[in-house]
Protein chains: 2
Amino acid sequence: MAEWKNFDCLAATKELEAAAKVDLTTAMAGEAGATRAKTYCVPMAEGLAFNYASRPVDDAIMASLQKFADEAELTDKFAELYNGAVVNTGEKRLVLHQLTRGQLGNTVTADGVDKRAFYVEQQTRIADFAKKVHSGEIANANGEKFTTVVQIGIGGSDLGPRAMYLALENWAKKNNAFKMEAKFISNVDPDDAAGVLNSIDVAHSLFILVSKSGTTLETLTNESFVKDALKNAGLDASKHMIAVTSETSPIAHSSDYLDAFFMDDYIGGRFSSCSAVGGAVLSLAFGPEVFAAFLDGAAAEDKTALNKDITKNPALLDALIGVYERNILGYPATAVLPYSQALSRFPAHLQQLDMESNGKSVNRFGEPISYVTGPIIFGEPGTNGQHSFYQLLHQGTDIVPLQFIGFKNNQAEMDVDIQGSTSQQKLCANVAAQIVAFALGKKDDNNNKAFAGNRPSSIIVGDKLTPATLGALLSHFENKVMFQGFAWNINSFDQEGVQLGKVLAKKVLAKETDGALTVYAQMLGI
Amino acid sequence: MAEWKNFDCLAATKELEAAAKVDLTTAMAGEAGATRAKTYCVPMAEGLAFNYASRPVDDAIMASLQKFADEAELTDKFAELYNGAVVNTGEKRLVLHQLTRGQLGNTVTADGVDKRAFYVEQQTRIADFAKKVHSGEIANANGEKFTTVVQIGIGGSDLGPRAMYLALENWAKKNNAFKMEAKFISNVDPDDAAGVLNSIDVAHSLFILVSKSGTTLETLTNESFVKDALKNAGLDASKHMIAVTSETSPIAHSSDYLDAFFMDDYIGGRFSSCSAVGGAVLSLAFGPEVFAAFLDGAAAEDKTALNKDITKNPALLDALIGVYERNILGYPATAVLPYSQALSRFPAHLQQLDMESNGKSVNRFGEPISYVTGPIIFGEPGTNGQHSFYQLLHQGTDIVPLQFIGFKNNQAEMDVDIQGSTSQQKLCANVAAQIVAFALGKKDDNNNKAFAGNRPSSIIVGDKLTPATLGALLSHFENKVMFQGFAWNINSFDQEGVQLGKVLAKKVLAKETDGALTVYAQMLGI
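Residues numbered from 1 in each chain as written. Chains lettered and ligands numbered in written order. Predicted model: local features only at pLDDT ≥ 70, side-chain atom pairs only at ≥ 80, totals over all residues. Heavy atoms only, no water.

Caption draft 1: A look at the overall build of chain A. Within chain A, the regular secondary structure consists of 18 helices and 15 strands. By the compact-globule yardstick of 24 Å for 526 residues, chain A fits well, its C-alpha radius of gyration being 24 Å. Expressed as a percentage of its 526 residues, the buried residues of chain A come to 67%. Across chain A, every contact between residues at least 6 apart in sequence was considered, and the portion connecting residues at least 24 apart equals 74%. Accessible surface, chain A: about 16,300 Å² in total, of which carbon and sulfur atoms supply 49%. With 46 positive and 60 negative side-chain charges, chain A shows a separation of 2 Å between the mean positions of the two kinds. (Helix = DSSP H or I, 4+ residues; strand = E, 2+ residues; numbered from the N terminus. Rg over C-alpha atoms; globule rule 2.2 N^0.38 Å. Buried < 20%, exposed > 50% of the residue type's maximum accessible area, 1.4 Å probe, protein only. Contact = heavy atoms within 4.5 Å. Areas by Shrake-Rupley, 256 points an atom, 1.4 Å probe, with all protein chains shown as cover. Lys, Arg positive; Asp, Glu negative; His and termini not counted. Charge placed at Lys NZ, Arg CZ, Asp CG, Glu CD.)

Caption draft 2: Structural view of the relation of the copies chain B and chain A. Taken as rigid bodies, chain B and chain A are interconverted by a rotation of 180° and an axial shift of 0.0 Å, the fit giving an RMSD of 0.0 Å. On the angle and the small slide along the axis, the relation comes out as a two-fold axis. Interface overlap between copies: 99% of the residues of chain B at the interface are likewise at the interface in chain A, consistent with a symmetric, same-surface contact. (Least-squares fit on C-alpha atoms with pLDDT ≥ 70 in both.)

Caption draft 3: Representation of the interface of chain B and chain A in the model. Taken together, the contact between chain B and chain A spans 137 residues of the former and 136 residues of the latter. If you sort the residues of chain B by the area they bury against chain A, His-387, Tyr-520 and Leu-524 of chain B come out on top, with a joint share of 7%. The partner of Arg-326 of chain B in a salt bridge is Asp-398 of chain A, with the nearest N and O atoms 3.1 Å apart. There are 50 residue pairs in polar contact (both at pLDDT 80 or more) connecting chain B and chain A. Here the side of chain B that touches chain A takes 15 residues from helix α15 (residues 423–440) of chain B, the largest share from any one element. Its residues assigned to classes, the side of chain B that touches chain A shows 60 nonpolar, 54 polar and 23 charged. (Buried area = accessible area lost by both parts, 1.4 Å probe. Salt bridge = Lys/Arg side-chain N within 4 Å of Asp/Glu carboxyl O. Polar contact = N/O pair within 3.5 Å; in protein donor to acceptor, adjacent residues only side chain to side chain. Nonpolar A, V, L, I, M, F, W, Y, C, P; charged D, E, K, R; others polar.)

Caption draft 4: Representation of the sheet that holds strand β12 (residues 402–407) of chain A in the model. Residue and element names in this part refer to chain A. Ordered in space as β1-β2-β15-β12-β10-β11, the six strands form an open sheet in which the pairing is mixed. The sheet terminates laterally at β1 (41–43) and β11 (376–378), the two strands that pair on one side only. Averaged over neighbouring strand pairs, the angle between their axes works out to 15° when direction is ignored. For strand β10 (residues 333–339) and β11, the ladder comprises three bridges, and the chain directions are parallel. What sits directly across from Thr-334, in β11, is Ile-377. Contacts between helix α16 (residues 467–488) and the sheet are confined to β2 (49–51), β12 and β15 (457–462), with β12 contributing the most and set at about 165° to the helix. (Pairing = 2+ DSSP bridges. Axes fitted to C-alpha atoms, helices over the stretch in contact; angles between N-to-C directions.)

Caption draft 5: Here's a closer look at the pairing of strand β8 (residues 241–246) of chain B. Residues and elements named next belong to chain B. Burial runs high along β8: six of the six residues are buried. Bridge count between strand β7 (residues 205–210) and β8: four bridges; the pairing is parallel. Bridging from a neighbouring strand, Val-210 pairs with Val-244 of β8. In this region the chain leaves β7, passes through helix α9 (residues 217–232) and returns to the parallel neighbour β8; the handedness of that crossover is right-handed. (Right-handed = clockwise from strand over helix to strand, strands pointing away.)

Caption draft 6: Representation of the environment of Tyr-165 of chain B within the structure. All names here are of chain B. With respect to the helices and strands, Tyr-165 occurs in helix α7 (residues 159–174). By relative accessible area, Tyr-165 is classed as buried at 2%. A C-alpha to C-alpha distance of 16 Å links Tyr-165 and Gly-297, two positions 132 residues apart in sequence. Filtering out sequence-adjacent residues up to four positions away, Tyr-165 remains in contact with Phe-178, Met-180, Glu-181, Ala-182, Phe-184, Leu-282, Ala-285 and Phe-286.

Caption draft 7: A look at the pattern of salt bridges. All told, the structure shown has 44 salt bridges over all chains when counted by the stated rule. Two residues, Asp-264 of chain B and Lys-115 of chain B, come together in a salt bridge whose shortest N-O distance is 2.8 Å. Here Lys-115 of chain B lies in helix α6 (residues 115–135) and Asp-264 of chain B lies in the loop between β9 (260–263) and α10 (276–286), a separation of 149 residues in the sequence. Several salt bridges converge on common partners, so that one network encompasses Arg-55, Asp-318 and Glu-325 of chain A.

Caption draft 8: Spotlight on the packing of helix α18 (residues 515–523) of chain A against helix α3 (residues 30–39) of chain B. Put simply, α18 of chain A and α3 of chain B touch, their axes get as near as 6 Å, and they point 25° apart. Regarding the angle of α18 of chain A to α3 of chain B, the classification is roughly parallel. Along its contact with α18 of chain A, which presents Gly-515, Ala-516, Val-519, Tyr-520 and Met-523 of chain A, the element α3 of chain B presents Gly-30, Gly-33, Ala-34, Ala-37 and Lys-38 of chain B. Broken down by class, the residue content of the contact of α18 of chain A with α3 of chain B amounts to six nonpolar, three polar and one charged. (Parallel < 35°, antiparallel > 145°, perpendicular 65-115°, else oblique.)

Caption draft 9: Region of the structure containing the pairing of strand β15 (residues 457–462) of chain B. Residue and element names in this part refer to chain B. Burial within β15 is extensive, with six of its six residues counted as buried. Bridging between strand β2 (residues 49–51) and β15 involves three bridges; their strand directions are antiparallel. What sits directly across from Ala-49, in β15, is Val-461. The pairing of strand β12 (residues 402–407) with β15 spans six bridges and is parallel. The partner of Leu-402 across the bridge, within β15, is Ser-457.

Caption draft 10: Quick peek at α15 of chain B. Residues and elements named next belong to chain B. Across its 18 residues, α15 extends 26 Å between first and last C-alpha, which sits within 8% of the 26 Å expected from 1.5 Å per residue. When you tally the buried positions in α15, you get 16 out of 18 residues, the bulk of the element. Positive phi appears at Gly-441, one or two residues downstream of α15, with a value of about 65°. (Expected span 1.5 Å × (residues − 1).)

Caption draft 11: Examining the side chain of Gln-341 of chain B more closely. Note that Gln-341 of chain B resides in the loop between β10 (333–339) and α13 (346–358). Look at Gln-341 of chain B and you get buried, because its relative accessible area is 16%. A distance of 2.9 Å separates the side chain of Gln-341 of chain B from the side chain of Asn-187 of chain A, its partner in a polar contact. Other than its neighbours up to four places away in sequence, Gln-341 of chain B contacts Asn-187, Asp-189 and Asp-192 of chain A together with Pro-381 and Asn-384 of chain B.

Caption draft 12: Structural view of the packing of helix α6 (residues 115–135) of chain A against helix α10 (residues 276–286) of chain A. All names here are of chain A. The interhelical angle for the contact between α6 and α10, taken along N-to-C directions, is 25°, at an axis separation of 9 Å. The angle between α6 and α10 falls in the class roughly parallel. Handedness of the α6/α10 crossing: right-handed. Touching Ile-126, Phe-129, Ala-130, Val-133 and His-134 of α6 are Ala-276, Gly-279, Ala-280, Ser-283 and Leu-284, all from α10. When grouped by side-chain class, the residues that make up the contact of α6 with α10 number seven nonpolar, three polar and no charged. (Left-handed = near helix turned anticlockwise from the far one by under 90°.)

Caption draft 13: Quick peek at α13 of chain B. If you check α13 of chain B, its first and last C-alpha atoms are 18 Å apart, about what 13 residues at 1.5 Å a residue would give, namely 18 Å. Within α13 of chain B, 13 of the 13 residues are buried, which leaves the element mostly enclosed by the surrounding structure.

Caption draft 14: Seen up close, the side chain of Thr-221 of chain B. Relative to the assigned elements, Thr-221 of chain B resides in helix α9. Within polar-contact distance, the side chain of Thr-221 of chain B engages the backbone oxygen of Leu-217 of chain B at 2.7 Å.

Caption draft 15: A look at the packing of aromatic side chains. A complete count under the given rule lists 42 aromatic pairs over all chains for this structure. Consider the rings of Phe-378 of chain B and Phe-389 of chain B, whose centres lie 5.5 Å apart with planes at 70°: the pair is edge-to-face. Taken together, the residues Phe-378 of chain B in strand β11 (residues 376–378) and Phe-389 of chain B in the loop between β11 and α14 (390–395) connect sequence positions eleven residues apart. Neither residue differs from the other here; Phe-378 of chain B and Phe-389 of chain B are each classed as buried. An aromatic cluster of three or more residues is present, and its members are Tyr-339, Phe-378, Phe-389, Tyr-390, Phe-404 and Phe-438 of chain A. (Phe/Tyr/Trp six-rings, centres within 6.5 Å; stacked < 30°, edge-to-face > 60°.)

Structure follows, in C-alpha cells:
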C-alpha cells in the first residue's frame, strides 16, 4: 500500500524548492534552445507528442521531479486506483472511469459485478440502440427517423459530452460519420431550454435525460420543460426520451423512457465522458464505431500513464511540472489554448475537470493543508485568444503557464491559399511563434514594446484531431489532474464545495431565509 | 489637466494598505448583513443596480476609496478622455468609443470632422441599409431576401458583437425583432469557416467583413474562404458582402462590396461593439431600432460614470473595489458569472476587454511599474458554473472575487413549475444563495464539508435583459476597465503585447526562422 503524505512533507519538495530556477530567455535561445525543442518531448498514444521544452525545467529539476514521483509513489497510487481501492475517501467510493475504456490491472468487482464487463455491456446496449435509431427501427410515432439528439444534463453531463461533440462534428461530416445533430440543454435558466427548443424540430428529436442520481434539480426541471414542449406538439414524450442514470436511481426503470443506460457511483460527472454519459449522445451523433475509436484512443493513452519513468509518462510529467509551477514558482493559473476551432469548448471542460477536482483546501484525510492546490484554468482556441487575452499573457504582471494543443492538419480538408500560405499553415505558424515569443520575449528601447519573456508553455502536437486522438487528449488531462491530486495529497474525486449553495438555494425557494439572504432573494424578485 | 501618477505614489494607497480588513463572515451575518445588503447598493441606468454589500469594504475603506478617486483625479481623467485628449499615449490617439452613443462633453473634432456627427452618420447609413435588406430592396441576384448575416472578424470584431447577438437572440424572437440569423467566422483555423459555411445557405447570406485596417490576416484569409464558397455556388461575391473598416483602409471604397460602413482609429477593437463593428451585424439581425435602444442604454449608463461621488458612480466604485482586491488583498483573478444563459459569451468578451486593456507592466509613460495590474478574467453562466469550477471558488486555496449578474425575469417568457417553483425562481434563488454562501461560509466538524467563507462578490441585478439593459451593462464594464487603467496609471487603449507573436508567425511562413522556432515549425508540419 502506498503511503499518503502531504506535499510539504516530502524530501523531494525541499529539493525542488532549492533547485536553481530555469530562465527560458536563455534556455530556449540559439542552438541550445533548438536542442531542447527536439529532445524535451515525450511520445503519446495515437501519434501525439507532449513537448515540454518551453516549460521551466532542466535536467536537474527533471531529476528532482522523478524523485518526487517516486517518493510520493504516484504511479503506485494510480495502480491502487485502477485495481479498485477506495481512492475517493470523502465519499468512500472506488474511482473507475479508466475502466470504461480498458482494463489496466486486476478485475474490479463492485456491487457484485465485474465492473469492466458492466461498462462494456452498457456500451454494447447503447451501440445496439443507436444502430436501431439510425436504421429507423426505432423511430417517432409516424415511423420517421430521428434526426436530432438533445442531451439534457448539467456539469459533467454537459461540458464533457458537448466539448467532445463539437470536437468531432466537422470530422464526422467529412468522414461520413455524421448521423444526427446534437444539441445540449443544461442551465436552469428557462431561456436555455427555450432557445434550444426554438431551434429544433421536436417531432424528429430524441432527448437524453442524464442524471446519475435521477434527482439533479436543473436537469429534472429542463426535462419537465421538454416534456411540456413535446406534449404541446401532440407527441408522446415517453417515445422521445431515453435516460442515462445509475441503476438505483428513481428513473432507471421507468416507462417514461424508451430505454435507460447505466453509469454508477464510481465515475464522477467530470470524468464521465467515456461512460454512458458521453456514450449515448456521441454514439447517436456519430455512430458507435466513432465512440469506440474514441475509447480506444483514451485506453492507449492510459497505458502511457503506467510508466514510472516521467520521461515516458506524459500525464505524470505534465502534472509534476504543473505542480512545480504552482507551488514552487507561485503561478496562480494555467491557460489551455488549443489551436483548433473544434476544441472550442475543450478548455471549458478542462476547467471543470481540473478546478472541481483539485480546488481543495484539505488533504484526503480531511486535515487542513498549508500549500496551494489546483490553479485557475481558463482558455479559448487560438488564434482567437491572440486577439483577446494574450496581451496580459505576454505583458501582464502575472505569469500564466500555457498548455498549447496543435494539429498539422485540419478536419474539414477545405482550405484556401492567400499571401503564399494556407489557413492551416498560418494557424500552425502562429502556435509555433507564440511558444517562442512567450519564452524568449524581445528587448526594445521602448518599454511598451518590450517583452520580458520567460513565460512557460508546452504543446501537445498531433497529425489531426480524430476520435482516437481526442480520446488520447482527454485521457492525458484526466490523468494529469489525478496525478496532481495525488501530489497534493488531496481527494480529487469528491466536490463538497458545491453543497452549501444548493442548501441555501433550497431555503430561498422554501422562504426559510433570514438576514442578507432574505434581502438578496427579494432583490431578485423571489 | 489631471496629473498622472503611479498607483503606489498616492497617499490614499498608503491609507488603503493601512486600513483594517473587512471579514465578510461577520460583516454579512445577521441583521448587520441584511442592512449592508440593503444599503451597499448603487442605482444604475435602465433600472439596474450594483450591489456591493458582499465586497470587502466598509465605511472606512469606502472613505479611503473616495480619497483615492479624488487624489487620482479619476473622473477628471475621464472628462479629458471624452473631451478629446490623446489618452491613448502609446498610439497617440484619442479614445472616443463613448461618443458612439452620446455626447458627454465638448464637441470633439478629429480628422477635420465632428466625430459625434460622424458616428451618427454611420449609424444612419447602417439603419438605411438594414431596412433595405429587411424589405428586400437589397436582395440576392434572384431578388430573394437575405436570411442570414455572417460576421467575418476576429478579436474585438468578433467577441463583443457575438456576445451581444447571443444576449438578444431570445429577446428578439419573443419581441418580433428577429430579422436575420447571425453567424460568426473568426479563427484562421479553416475548420471554423468550413463549419459555418456548412451550416448556412450561402445564396441567402450576407457577409460582413470587419477589419479596421483592412489588413487583418485572419479576416482576409476567411474572406477569401467565403468568396471561394460563393464563387463555387455560382454567386457574385460582391453582391453578398459589405465591409466595416476605417475610411482610409484599402477596402473602404472597393467594388468588391455592396457597401462599406466606417469606424476609425479612436475606437479600439475591444471597445467597438457600439460602433459600426457591432452596429452592422446587430442592426441586420434585430433591426436598427434595437441597436439604437442598446446605444441609449449605454449612453444612460455612461452618464453615471461622470459622478465624482463613488456611491453614485457604479463603474468607478466597481473599479476601485477591484483595485483594492487586486493590489491590497492580492487576489489574482476575477470571475464574471451571469445568471443568464443569454450572456453565455459575455464573460469571453469581458475577458478580452479587461485583459487586453489592463494586462500591462509599464505605466502610460513607458516606465516599468512595481505593482500588479489587470487580473485574469474568466467565467461561465450560472447555474452551469456551479456544477463546474465553483468547487475551487468555494473551497480552493486562492480567493477569487466574483461579479454576479442576475435578472428577475427571463427573456423567452416560457417557464415551467416543478417542485413548487419556476425555473426562473430556481435560477434567482441560486444566485442569491451563492452570494451568501461565498460570504458567510459554513462551519462543519468535517473539514471537508466546511466553507471558510469571506469570499467577495457583487451583483448587478435588473428586471430583464433587454437591448437597453445590455447597453448599460456593457458601458458599466467598459468604464470600469477604463477607471482601473487610470488608477494603475497605465494606457488601457493599446495592445503592443500582441505584436511579437505576429512578427514571429510571419517569419515562420517566410521560412526565416532559426533555433527553437525552426524546430517547432517543423513539428507542426510547416
